[in-house]
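Survey of secondary and tertiary structure
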Amino acid sequence: MFVGRDWQTLHTTPLPQWTDEELVFQHAVFSQLSPLMNAQGISLHHQIIEEIERRGGSR
């Protein structure tokens, strides 16, 4: 089970301040929800992916 900051906190925190675990977990959640997401959700998911790649990819 994921133990970390809730979405309300993460949503107001810049992506560079997210932990690697938070990025990977939220990426997995967004991937599962992708068929239901609007343009804003898709954009945020792409930003999460870019941040993961910027850090060298998921481990």
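Provided above is the structure to which this section pertains.
Residues numbered from 1 in each chain as written. Predicted model: local features only at pLDDT ≥ 70, side-chain atom pairs only at ≥ 80, totals over all residues. Heavy atoms only, no water.

**Things to note about the overall build of the protein chain**
- Scanning the protein chain from N- to C-terminus turns up three helices and zero strands.
- When the elements of the protein chain are put in sequence order from the N terminus, they spell out α-α-α.
- A globule of 59 residues ought to have a C-alpha radius of gyration of about 10 Å, and the protein chain, at 11 Å, matches this closely.
- Taken along the three principal axes of its C-alpha coordinates, the protein chain extends 25 × 25 × 20 Å.
- By the burial criterion, 25% of the 59 residues in the protein chain qualify as buried.
- When contacts within the protein chain are restricted to residue pairs at least 6 apart in sequence, those whose partners lie at least 24 apart make up 42%. (Helix = DSSP H or I, 4+ residues; strand = E, 2+ residues; numbered from the N terminus. Rg over C-alpha atoms; globule rule 2.2 N^0.38 Å. Buried < 20%, exposed > 50% of the residue type's maximum accessible area, 1.4 Å probe, protein only. Contact = heavy atoms within 4.5 Å.)

**Notes on the nonpolar core**
- Within the largest apolar cluster, nine residues are counted, these being L10, L15, W18, L23, F30, M37, L44, I48 and I52.
- Sorting elements by how many residues they give to this core places helix α3 (residues 39–54) first, with three residues.
- Beyond its immediate sequence surroundings of up to four residues, I52 is in contact with L23, V24, H27, G57 and S58. (Core = buried A, V, L, I, M, F, W, Y, C linked by side-chain atoms within 4.5 Å.)

**Quick look at the pattern of salt bridges**
- Counted under the stated rule, the structure contains four salt bridges.
- For R54, the salt bridge is made with E51, and the minimal N-O distance between the two is 2.6 Å. Residue R54 and its partner E51 are both found in helix α3; the two are separated by three residues, about one turn of the helix.
- A residue is classified by how much of its surface remains accessible, and R54, at 55% relative accessible area, is exposed.
- What you see here is one network of salt bridges that share partners, running through D20, E51, R54 and R55. (Salt bridge = Lys/Arg side-chain N within 4 Å of Asp/Glu carboxyl O.)

**Considerations on the packing of aromatic side chains**
- Across all of its chains, the model carries two aromatic pairs by this definition.
- Here the aromatic rings of W7 and W18 are separated by 6.2 Å at their centres, their planes lie at 85°, and the arrangement is edge-to-face. Here W18 lies in the loop between α1 (7–11) and α2 (20–33) and W7 lies in helix α1, a separation of 11 residues in the sequence.
- Taking relative accessible area as the criterion, W18 reaches 3% and is therefore assigned buried.
- Between W7 and F30, the ring centres sit 5.8 Å apart and the planes meet at 55°, which makes this aromatic pair tilted. (Phe/Tyr/Trp six-rings, centres within 6.5 Å; stacked < 30°, edge-to-face > 60°.)

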